[in-house]
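Now for the letters of each chain:
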2 protein chains.
Amino acid sequence: MPTSGDIEKVVIIGSGPAGWTAAIYAARANLDPLVLEGIPKQTPALMLPGGQLMQTTEVENFPGYPEGVDGPKMMEDIKKQALRFETRVEMREVTSCDLSKRPFTLETVDFGGDTKTVTAHAVIVATGATANWVGLENERRLAQSGGGVSACAVCDGALPAFRDQPLVVVGGGDSATEEATYLSKFASKVFIIHRRDELRASRIMAQRVLDNPKIEVVWDTVVTDVLGDKHVTGVALKNVKTGEESTLDCRGFFAAIGHTPLTEFLQGQLELDDKKYIVLEDAGRSLTNIEGVFVAGDAADSVYRQAITAAGMGCKAAIDAERWLAEKGIE
Amino acid sequence: MPTSGDIEKVVIIGSGPAGWTAAIYAARANLDPLVLEGIPKQTPALMLPGGQLMQTTEVENFPGYPEGVDGPKMMEDIKKQALRFETRVEMREVTSCDLSKRPFTLETVDFGGDTKTVTAHAVIVATGATANWVGLENERRLAQSGGGVSACAVCDGALPAFRDQPLVVVGGGDSATEEATYLSKFASKVFIIHRRDELRASRIMAQRVLDNPKIEVVWDTVVTDVLGDKHVTGVALKNVKTGEESTLDCRGFFAAIGHTPLTEFLQGQLELDDKKYIVLEDAGRSLTNIEGVFVAGDAADSVYRQAITAAGMGCKAAIDAERWLAEKGIE
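Here is what the cut-offs are and how they apply
- Residues numbered from 1 in each chain as written.
- Chains lettered and ligands numbered in written order.
- Predicted model: local features only at pLDDT ≥ 70, side-chain atom pairs only at ≥ 80, totals over all residues.
- Heavy atoms only, no water.
- Helix = DSSP H or I, 4+ residues; strand = E, 2+ residues; numbered from the N terminus.
- Expected span 1.5 Å × (residues − 1).
- Buried < 20%, exposed > 50% of the residue type's maximum accessible area, 1.4 Å probe, protein only.
- Arc of directions from axis to C-beta.
- Contact = heavy atoms within 4.5 Å.
- Phe/Tyr/Trp six-rings, centres within 6.5 Å; stacked < 30°, edge-to-face > 60°.
- Lys NZ or Arg CZ within 6 Å of the ring centre and 35° of its normal.
- Buried area = accessible area lost by both parts, 1.4 Å probe.
- Salt bridge = Lys/Arg side-chain N within 4 Å of Asp/Glu carboxyl O.
- Polar contact = N/O pair within 3.5 Å; in protein donor to acceptor, adjacent residues only side chain to side chain.
- Nonpolar A, V, L, I, M, F, W, Y, C, P; charged D, E, K, R; others polar.
- Pairing = 2+ DSSP bridges.
- Least-squares fit on C-alpha atoms with pLDDT ≥ 70 in both.
- Domains from an automatic or database assignment.
- Disulfide = S-S within 2.5 Å.

**Concerning helix α2 (residues 71–84) of chain B**
Residues and elements named next belong to chain B.
Item 1. Relative to the 20 Å expected for 14 residues at 1.5 Å per residue, α2 spans 20 Å between its end C-alpha atoms, a close match to the ideal helical length.
Item 2. For α2, every residue scored as buried is listed here: Gly 71, Met 74, Met 75, Asp 77, Ile 78, Gln 81 and Ala 82. Viewed end-on, α2 has its buried residues packed into an arc of 155°, placing them on one side of the element.
Item 3. Buried residues belonging to α2 abut α1 (17–28) and α7 (307–328).

Below, the structure written as C-alpha cells:
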C-alpha cells in the first residue's frame with residue numbers, strides 16, 4: 001500500500017526534546033516526517049513552541065553541553081539538527097483527532113485561526129506536560145527570568161544560587177517530599193508549604209521528611225505571593241485555618257503540585273490514565289493501545305520528566321514507527 | 001545508617017553515554033559518585049574506555065549536535081560535564097561482584113593488574129554491549145577508520161557515502177532483516193549474506209525482505225573477507241554447500257549478527273535473560289531484581305541500542321538510585 005500524495009507517513013505532534021529527537025531519527029530513516037510544533041501562546045506572556053525548555057534559563061544536565069546551555073539555545077540546536085535532515089515543520093496545534101481508523105486524521109489550527117486536516121499513517125505524540133503553578137503573577141515572572149522560581153528540583157537544585165540558602169517547596173505529595181529531600185542536600189533549610197495538616201506522600205518518604213533536620217513543614221498554609229524583584233527574597237503566607245498572614249525569607253521557590261500532560265485532544269481516542277498521562281503498552285517502548293500511534297516524552301512520563309529521558313523516548317518512538325511502517329509495507 | 005568513609009554511596013560501572021549521564025545526575029544530586037570507567041583493551045588494537053562511541057567516526061543523531069560530532073569528541077564532552085560536577089573516576093574494570101548482601105562488593109583490577117575491592121550502597125551497571133563481528137581483520141580495520149564497515153544501520157545508513165550504493169548485510173535474524181529493510185531506503189541494492197537457507201527473522205519481516213525488489217538474499221554463504229584499502233569496495237564470499245568462492249562489489253558492510261552485553265561479571269548475581277541482557281523489574285525504569293542495583297544502557301537494551309536511549313536510561317538510573325538512597329536514609 002504505497003502512500004498517496006496526501007497522506008503523511010509520520011506526523012510528530014510537539015516540539016520539545018522528544019519531538020525533535022523523533023524527527024531526527026524519522027528524517028534520517030527517510031520517513032519525511034512532518035512536525036506540528038504547536039502555536040505561540042499568548043498567556044501569560046507570548047510563549048513560543050518548543051516545550052518547557054523554552055522557559056528554562058540554564059540547563060546543566062543534558063549530556064553533550066559540558067558548560068551548560070540556555071534552554072531556548074538547546075532547543076534551537078536540536079530543531080536545527082532535525083531540519084538538517086529535511087524534517088518539515090508547521091506551526092500548527094492539533095485540536096482534535098480521529099484515531100479510530102487508519103489513516104489517522106488530525107484537525108489542526110494555526111496562529112491566525114486557519115484550520116487544516118492532516119492525515120497520517122503513523123503518529124508520534126510528543127506534546128509533553130506543563131508544570132502546575134500556584135498561579136501567582138510574580139511566580140511566573142520570576143520563573144521565566146530565572147529569578148529562583150522552578151518546578152524541577154532535579155533540574156535546578158544544584159545551581160549555585162540555591163547553595164546554603166533557605167528554599168521553599170509548595171505541595172504535599174510524593175513530588176513535594178522528593179523535591180524537598182533532594183533540595184535539603186544543598187539548602188541551608190527547606191520549608192514545605194502545605195495547605196493540609198498531613199502529607200499525602202507515601203509513608204516512608206513522609207517520615208524521611210519529618211525526620212530530616214533541614215526540612216520543616218509549614219502546615220495548613222498557602223503561598224499568597226512570591227516576593228522579590230529580580231530574585232526571590234521570600235514568600236507571603238496565609239494560614240488557611242487561622243487566617244493569619246506572614247512572610248518567610250527564602251532564595252528559591254519550587255512548585256511541586258504536579259504536572260498536566262498535554263493530552264486533552266486525545267481524550268476518548270487513546271488510553272489515558274487517571275492523571276491524563278498516555279498509557280504505554282510496554283513501559284520500555286513507545287507503543288500505545290492504538291496500533292500506529294506512538295508516544296514520547298512527558299506526555300507518558302510522570303516519573304522522570306527530564307529533557308534527556310524525553311529525547312531517549314523520541315528516538316524509541318521514531319524507531320518503533322519506522323519498523324511498524326516497514327512491517328505494514330508503507331514506504 | 002550513615003555512610004562509613006569506606007563505603008561509596010553509588011558506584012557507576014561503565015563510561016559510555018549511560019554511565020556518564022548517570023554520573024552527571026548523581027553528582028548534581030550530591031551523591032559523590034565513583035565511576036569505574038574500565039581499562040584499555042589491547043586487542044585487536046589499543047582501545048580506550050568510553051564505550052562503542054569511541055570507535056565511531058561520525059554521530060549525526062545525538063540531539064544537541066546539529067552538525068554531527070565524532071564519537072570520541074562526544075564522549076569527551078559528556079565525561080567533562082560529569083567531571084565538572086566532581087564525579088570521581090578510576091580506570092578500573094570490575095572482574096566479579098557480590099550483590100547478595102549490602103553494602104555490595106566489587107572486585108576490580110587496573111591496567112597494571114593491581115586489584116582493589118570497592119564497596120557501595122548502590123550500584124549502577126552501565127557496561128553496555130559490544131557488536132558481534134564476523135571476525136575478519138579488514139572488517140575491524142575499516143570499522144575503526146570509518147571506511148564503510150558498521151554494526152548499526154540506524155546510526156550510519158543515512159551517511160552520504162552509502163547513498164545509492166550497493167551494500168552488504170551479514171546475518172539472518174530480526175536484526176539483519178530490520179537493518180536490510182532500513183538500508184534499502186538509501187542503497188541502490190542491499191545484499192543479505194546468510195549462512196543458512198532460510199531467514200530466522202519473524203515471518204512478516206522475512207516476507208517483506210523477500211518481496212523487496214532492492215534486497216537480495218545470498219543463501220548458504222559466508223563472508224571470508226572485506227575488500228578495500230581505505231573504503232569498502234567489496235566482499236569475498238564462500239558458498240558453504242558448494243565451496244564455491246566469489247566476490248561481490250559493495251560500498252558498505254553491515255554486521256547484523258547480534259550484540260553481546262558486557263555482563264559476565266554479574267553472572268549468578270543479577271537476573272540475566274537467555275542472551276545475558278540484564279532483566280529490568282519494570283521496563284520503563286532502571287530497577288533490577290536486586291534492590292539497590294540499577295542498570296542503564298545497552299546492557300539492558302536489545303531493542304534500540306542508541307546513544308541517546310542509553311543516556312536517557314542513565315538519567316533514570318541516577319534518579320532511581322538517589323530516591324532509593326533517600327528512602328534508606330543513606331546520606
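**Overview of the packing of aromatic side chains**
Item 1. The full count for this structure, using the stated rule, is 8 aromatic pairs over all chains.
Item 2. On the numbers, 5.7 Å between centres and 50° between planes, the contact of Tyr 182 of chain A with Phe 186 of chain A is tilted.
Item 3. Consider the rings of Phe 62 of chain B and Tyr 65 of chain B, whose centres lie 6.3 Å apart with planes at 50°: the pair is tilted. Both residues of the pair, Phe 62 of chain B and Tyr 65 of chain B, belong to the buried class.
Item 4. Lying over the aromatic face of Phe 85 of chain A, Arg 28 of chain A brings its terminal NZ or CZ to 5.3 Å of the ring centre.

**Here's the deal with the interface of chain A and chain B**
Item 1. Each partner contributes to the interface: chain A provides 57 residues, whereas chain B provides 57 residues.
Item 2. The contact between chain A and chain B buries some 5400 Å² in all, and 53% of this surface belongs to carbon and sulfur atoms.
Item 3. For chain A, the biggest contributors to the area lost against chain B are Arg 28, Pro 66 and Tyr 304 of chain A; these three give 15% of the whole.
Item 4. In this structure, the connection of chain A to chain B is made through 10 salt bridges.
Item 5. Two residues, Arg 84 of chain B and Glu 60 of chain A, come together in a salt bridge whose shortest N-O distance is 3.1 Å.
Item 6. Where chain A meets chain B, there are 42 residue pairs in polar contact (both at pLDDT 80 or more).
Item 7. Taken together, the elements giving at least two residues each to the side of chain A that touches chain B come down to α1 (17–28), α2 (71–84), α4 (153–156), α5 (174–183), α6 (203–211) and α7 (307–328) of chain A.
Item 8. If one sorts the elements of the side of chain A that touches chain B by residue count, α7 of chain A sits on top with 13 residues.
Item 9. Classifying every residue of the side of chain A that touches chain B by side-chain character gives 26 nonpolar, 13 polar and 18 charged.

**So, the sheet that holds strand β11 (residues 215–218) of chain B**
All names here are of chain B.
Item 1. Read from one edge to the other, the open sheet built from 5 strands follows the order β8-β15-β9-β10-β11, with strand pairing classed as parallel. Here the strands that pair on one side only, and so sit at the sheet edges, are β8 (149–150) and β11.
Item 2. For strand β9 (residues 166–170) and strand β15 (residues 252–255), the ladder comprises 4 bridges, and the chain directions are parallel. Paired with Val 168 across the two strands is Phe 253, which belongs to β15.

**Some remarks on helix α5 (residues 174–183) of chain B**
Item 1. For α5 of chain B, the tally of buried residues reaches 7 of 10 residues, placing the bulk of the element in the interior.
Item 2. Restricting attention to buried positions, one finds in α5 of chain B the residues Ala 176, Thr 177, Glu 179, Ala 180, Thr 181, Tyr 182 and Leu 183 of chain B.

**Quick look at unusual backbone geometry**
Item 1. Looking along the chain, the bond that leaves Arg 102 of chain A and enters Pro 103 of chain A is cis, with omega of -5°.
Item 2. With respect to the helices and strands, Pro 103 of chain A occurs in the loop between β4 (92–98) and β5 (104–110).
Item 3. A positive phi angle, near 70°, is found at Glu 86 of chain A, a position not held by glycine.
Item 4. On the secondary structure map, Glu 86 of chain A appears in the loop between α2 and β3 (88–90).
Item 5. Residue Glu 86 of chain A is classed as exposed on the basis of its relative accessible area, which comes to 62%.
Item 6. Phi is positive for Asp 32 of chain B, which is not a glycine, with a value near 50°.
Item 7. Here Asp 32 of chain B is to be found in the loop between α1 and β2 (34–36).

**Some points on the relation of the copies chain A and chain B**
Item 1. Superposing chain A onto chain B takes a rotation of 180° plus a shift of 0.0 Å along the axis, which leaves an RMSD of 0.0 Å. In short, the pair behaves as if placed about a two-fold rotation axis. Considering only C-alpha atoms, the residue of chain A closest to the rotation axis is Gly 284 of chain A, which sits at 2.1 Å.
Item 2. Looking at the interface residues of chain A, 100% of them are also at the interface in chain B, so both copies use one shared face.

**Description of the environment of Arg 28 of chain B**
Item 1. Turning to its location among the elements, Arg 28 of chain B is positioned in helix α1.
Item 2. Given the relative accessible area of 1%, Arg 28 of chain B is considered buried.
Item 3. Sequence separation of Arg 28 of chain B and Thr 177 of chain B is 149 residues, and the distance between their C-alpha atoms is 42 Å.
Item 4. Dropping the residues within four chain positions of it, Arg 28 of chain B is found in contact with Glu 60, Asn 61, Val 154, Cys 155, Ala 158, Leu 159, Tyr 182 and Phe 186 of chain A together with Phe 85 of chain B.

**Here's the deal with the domain arrangement of chain A**
Residue and element names in this part refer to chain A.
Item 1. When cut into domains, chain A gives domain 1 (4–130 + 259–327) and domain 2 (133–255).
Item 2. Domain 1 and domain 2 are separated by 31 Å when their C-alpha centres are compared.
Item 3. Each partner contributes to the interface: domain 1 provides 11 residues, whereas domain 2 provides 12 residues.
Item 4. A buried area of about 830 Å², summed over both sides, lies between domain 1 and domain 2, and 48% of it is on carbon and sulfur atoms.
Item 5. Across the contact surface, domain 1 and domain 2 share 0 salt bridges.
Item 6. Remark: the boundary between domain 1 and domain 2 carries 0 residue pairs in polar contact (both at pLDDT 80 or more).
Item 7. Of the residues belonging to the side of domain 1 that touches domain 2, the class tally is 3 nonpolar, 5 polar and 3 charged.

**A look at the state of the cysteines**
Item 1. Tallying each qualifying case throughout the model produces 2 disulfides over all chains.
Item 2. Linked covalently through their sulfurs, Cys 152 of chain B and Cys 155 of chain B form a disulfide whose S-S length is 2.2 Å. Measuring handedness by torsion sign, the sulfur bridge of Cys 152 of chain B and Cys 155 of chain B sits at about 70° and is right-handed.
Item 3. The cysteine Cys 315 of chain A is free of any disulfide, with Cys 155 of chain B supplying the nearest cysteine sulfur at 8.8 Å.
Item 4. For Cys 315 of chain A, a relative accessible area of 0% puts it in the buried group.

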